Amino acid sequence: MKTFDTIVIGNGLMGSAAARYLSDWQQNVAVVGPGEPTNPQNHQGVFSSHYDEGRLTRQLSQDPVWSEVARLAVANYSTLEQRSGVSFHGAVGRVHATRYTQKEEADLLAFMAKGTAEYGIQYRYFSADDDSWQEMFPFLSFPKGYGLFYEPGPAGYVNPRAMLKAQNVIAQQNGAHFIDDYAVNVESTAVSVTVTTASGQKLSANKALIACGAFTNFNSLLTQPIPLRLKTEAMVWGEVSEETAVSLKEMPGVGYNIDDPDIDDIYMAPPLLYPDGTYKIKMGCNSKGELWPETLEEVQAWFQDGPSEDDLPSMSNALQSVLPEVNFQKLTSHRCIVTYTPSGYPTIDQLPTDENGRLFVATGGNGTGAQGSDTLGRLAAGLMHDGRWIDTIPRQVFLASNNWGESDKKLTKAQARAMQKEGGC
């Protein structure tokens, strides 16, 4: 049996960040997690939602907790890139288009003023009757009545695959051990934690962190399930020519509260080069066809061959409406999944049902975890290492003991639907 001081189970965005921080602070850290499936349709193991090239990021948020999580993470991007030699951040800026109510507009202007005063961020806001933003972004189109909020770089996007690689490279430089497998059982005793992998390996450690996203409550990883709800999310990838990608090099990340009966809360990354050598614009959203899987088999079935194409017509129409002059060579649907928690923030805590105090959990991006994953991994690693926490981030909302219905957070539409759902994993 291989023995380590700490094992991180799950090599996604939170897990990789936690492992990197742990490897900075201690020796003999192991990471258990498989690579990306080469053939999802036939894959019988676990999946992750970072299998693309673009996730939106920003420095601050109107939600104070997410704001501090993102601010600290964004501030550390350049350090990660320098230490690892891996580039993953595109500081192209970010726009958000919505029909602001009078109160929402006032709240936004107050937020902008505070961000400028405290951090020097040069926000711009174009009210619904001001279309001068088209001079900056002539390739974008939104309906009449929409206001446009713009945040300059370092807002923009991160490449999740590359950001994970950057975390892994640094952890490897620090001597961390990587095990290309996934855990199917975790047992905590008075003296150690034993992790059994799918291939039958036995691993031992003093402590273990379970950071397995939508798979956290499956495969006998926890002594008892924690409150989580899972929502499927479809994406559309619009393939464009290299010439088009070059012409859109100034395109920011886009958020769009579309008026549509089938989809809402659109997010869109600029054209990026994908591993197959083509340029794609990725758009995701919540959709009428979303599912709420509750079992391992249902989650696997979604990733393997879920009905994401049901939403493709609506999503394709929306993509073309935002970029009306773009010639898309191909439009294809793709799948990811969102993990929701009772508080609307990630669960990062010592597992309450582990009487030995050796098991910890970090999960639940609530649809916005990628951009702040470095901070979230730091929180989990610090808690495991010696109980440390970041003073500017509240502790209560990250507890595993939070229950549905207790949160006073202003919820997104998708989070509100998650809170209303019965059951859960």
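Fair warning: this is a prediction, and the values are worked out from it, not measured in the lab.

**Q** I would appreciate a short explanation of the overall build of the protein in the present structure.
**A** Counting its regular elements, the protein contains 9 helices and 20 strands. In terms of overall size, the protein behaves like a compact globule, its C-alpha atoms giving a radius of gyration of 21 Å where 425 residues would be expected to give roughly 22 Å. Each of the three principal axes of the protein carries a C-alpha extent, and together these read 65 × 50 × 45 Å. Nonlocal contacts in the protein, meaning residues at least 24 apart in sequence, comprise 74% of its contacts between residues at least 6 apart. Roughly 17800 Å² of accessible area belongs to the protein as shown, and the carbon and sulfur atoms make up 47% of that amount. For the protein, the centre of its 33 positive side-chain charges and the centre of its 49 negative side-chain charges are spaced 3 Å apart.

**Q** Can you walk me through the packing of aromatic side chains in this structure?
**A** Centre-to-centre distance and the angle between the planes together describe a pair of aromatic rings. On inspection of all chains with the given rule, the structure shows 19 aromatic pairs. Through a chain of ring-to-ring contacts, three or more aromatic side chains come together here, namely F47, F215, F218 and F303. The ring of W404 has R229 sitting right over it, with the charged end atom 3.8 Å from the ring centre. Positioned above the aromatic ring of W25, the side-chain terminus of R388 is 4.3 Å from the ring centre.

**Q** Honestly, the pairing of strand 11 (residues 193-197) in this entry has me stumped. Any pointers?
**A** The side chains of a regular strand alternate between both faces of the sheet. The buried fraction of strand 11 is high, at 5 of 5 residues. Burial along strand 11 is two-sided: V193, V195 and T197 and T194 and T196, pointing in opposite directions, are all buried. Pairing geometry for strand 10 (residues 183-188) and strand 11, over 5 bridges, is antiparallel. Each bridged residue has a counterpart across the sheet, and for N185 the counterpart in strand 11 is T196. Two successive antiparallel strands, strand 10 and strand 11, enclose a turn made up of 4 residues. Where strand 11 and strand 12 (residues 202-210) come together, 4 bridges link them in antiparallel fashion. Residue V195 lies in a different strand from strand 12, and its bridge partner there is L203.

**Q** I tried to follow helix 8 (residues 373-386) on my own but got confused; where do I start?
**A** Turn by turn, an α-helix covers 3.6 residues, leaving residues three or four places apart pointing in a common direction. For helix 8, which comprises 14 residues, the first-to-last C-alpha distance of 20 Å matches the rise-based estimate of 20 Å (1.5 Å per residue) to within 8%. Here helix 8 lies mainly inside the structure; 11 of its 14 residues are buried. Residues S373, D374, T375, L376, G377, L379, A380, A381, G382, L383 and M384 constitute the buried set of helix 8.

**Q** It is not clear to me how the packing of helix 1 (residues 13-25) against helix 4 (residues 160-173) should be interpreted in this structure. Could you clarify?
**A** Interhelical geometry of helix 1 versus helix 4 gives an angle of 20° and a closest axis separation of 8 Å. Considering their axes alone, helix 1 and helix 4 lie roughly parallel with respect to each other. At the point where helix 1 passes helix 4, the crossing takes the left-handed sense. When helix 1 is examined against helix 4, the residues L13, S16, A17, A19, R20, S23 and D24 are found in contact with a partner set consisting of P160, M163, L164, Q167, N168, I170 and A171. Residues belonging to the contact of helix 1 with helix 4 are distributed by class as follows: 8 nonpolar, 4 polar and 2 charged.

**Q** For this particular structure, what's the right way to read the environment of L72?
**A** Examined against the element boundaries, L72 turns out to sit in helix 2 (residues 64-84). Linking L72 and G357, residues 285 residues apart in sequence, is a C-alpha distance of 28 Å. With sequence-adjacent residues up to four places away left out, L72 is seen in contact with T375, R378, I390, T392 and I393.

**Q** Even after reading the chapter, I still don't get the pattern of salt bridges, so can you show me in this structure?
**A** Close approach of charged atoms allows side chains with opposite charge to pair. Going through the model one piece at a time under the given rule, you end up with 16 salt bridges. Its salt-bridge partner being D52, residue R55 comes within 3.2 Å of it at the nearest N-O pair. In this structure, D259 and R99 form a salt bridge, with 2.5 Å as the shortest nitrogen-oxygen distance. Taken together, the positions of D259 in the loop between strand 14 (253-256) and strand 15 (263-268) and R99 in the loop between strand 5 (94-98) and helix 3 (102-119) put the pair 160 residues apart, joining distant regions of the chain. Looking at R99, the relative accessible area reads 39%, which means it is partly exposed. Shared partners join several salt bridges into a network, and the residues in it are R20, D24, R83 and D374.

**Q** Would you mind going over the side chain of E151 with me for this structure?
**A** Locating E151 in the fold gives a position in strand 7 (residues 147-151). Buried and without a salt bridge, E151 has R58 as its closest oppositely charged side chain, separated by 5.8 Å. A polar contact of 3.0 Å, which involves the side chain of E151, links it to the backbone nitrogen of Q59.

**Q** What exactly am I supposed to notice about unusual backbone geometry here?
**A** Leave glycine aside and you will find that most residues have negative phi; peptide bonds, for their part, are mostly trans. With an omega of 20°, the peptide bond running from G153 to P154 counts as cis. By the element assignment, P154 lies in the loop between strand 7 and strand 8 (156-158).

**Q** Help me understand the pairing of strand 2 (residues 29-32), please; the structure alone is not making it clear to me.
**A** Alternating positions in strand 2 separate into two faces, V29 and V31 on one and A30 and V32 on the other, with burial throughout. Pairing between strand 1 (residues 2-9) and strand 2: 4 bridges, direction parallel. Each residue of the ladder has a partner; that of T6, found in strand 2, is V29. Once you follow strand 1 into helix 1 and on to strand 2, the crossover reads as right-handed.

**Q** Explain the sheet that holds strand 3 (residues 55-57) here, please?
**A** Pairing is antiparallel in the open sheet, where 3 strands are placed in the order 3-8-4. The open sheet is flanked by strand 3 and strand 4 (89-90), the only strands paired with a single partner. When strand 4 meets strand 8, the two strands line up antiparallel, connected through 2 bridges. If you follow H89 over to strand 8, its bridge partner there is V158.

Here is what the cut-offs are and how they apply
- Residues numbered from 1 in each chain as written.
- Predicted model: local features only at pLDDT ≥ 70, side-chain atom pairs only at ≥ 80, totals over all residues.
- Heavy atoms only, no water.
- Helix = DSSP H or I, 4+ residues; strand = E, 2+ residues; numbered from the N terminus.
- Rg over C-alpha atoms; globule rule 2.2 N^0.38 Å.
- Contact = heavy atoms within 4.5 Å.
- Areas by Shrake-Rupley, 256 points an atom, 1.4 Å probe, with all protein chains shown as cover.
- Lys, Arg positive; Asp, Glu negative; His and termini not counted.
- Charge placed at Lys NZ, Arg CZ, Asp CG, Glu CD.
- Phe/Tyr/Trp six-rings, centres within 6.5 Å; stacked < 30°, edge-to-face > 60°.
- Lys NZ or Arg CZ within 6 Å of the ring centre and 35° of its normal.
- Buried < 20%, exposed > 50% of the residue type's maximum accessible area, 1.4 Å probe, protein only.
- Pairing = 2+ DSSP bridges.
- Expected span 1.5 Å × (residues − 1).
- Axes fitted to C-alpha atoms, helices over the stretch in contact; angles between N-to-C directions.
- Parallel < 35°, antiparallel > 145°, perpendicular 65-115°, else oblique.
- Left-handed = near helix turned anticlockwise from the far one by under 90°.
- Nonpolar A, V, L, I, M, F, W, Y, C, P; charged D, E, K, R; others polar.
- Salt bridge = Lys/Arg side-chain N within 4 Å of Asp/Glu carboxyl O.
- Polar contact = N/O pair within 3.5 Å; in protein donor to acceptor, adjacent residues only side chain to side chain.
- Right-handed = clockwise from strand over helix to strand, strands pointing away.

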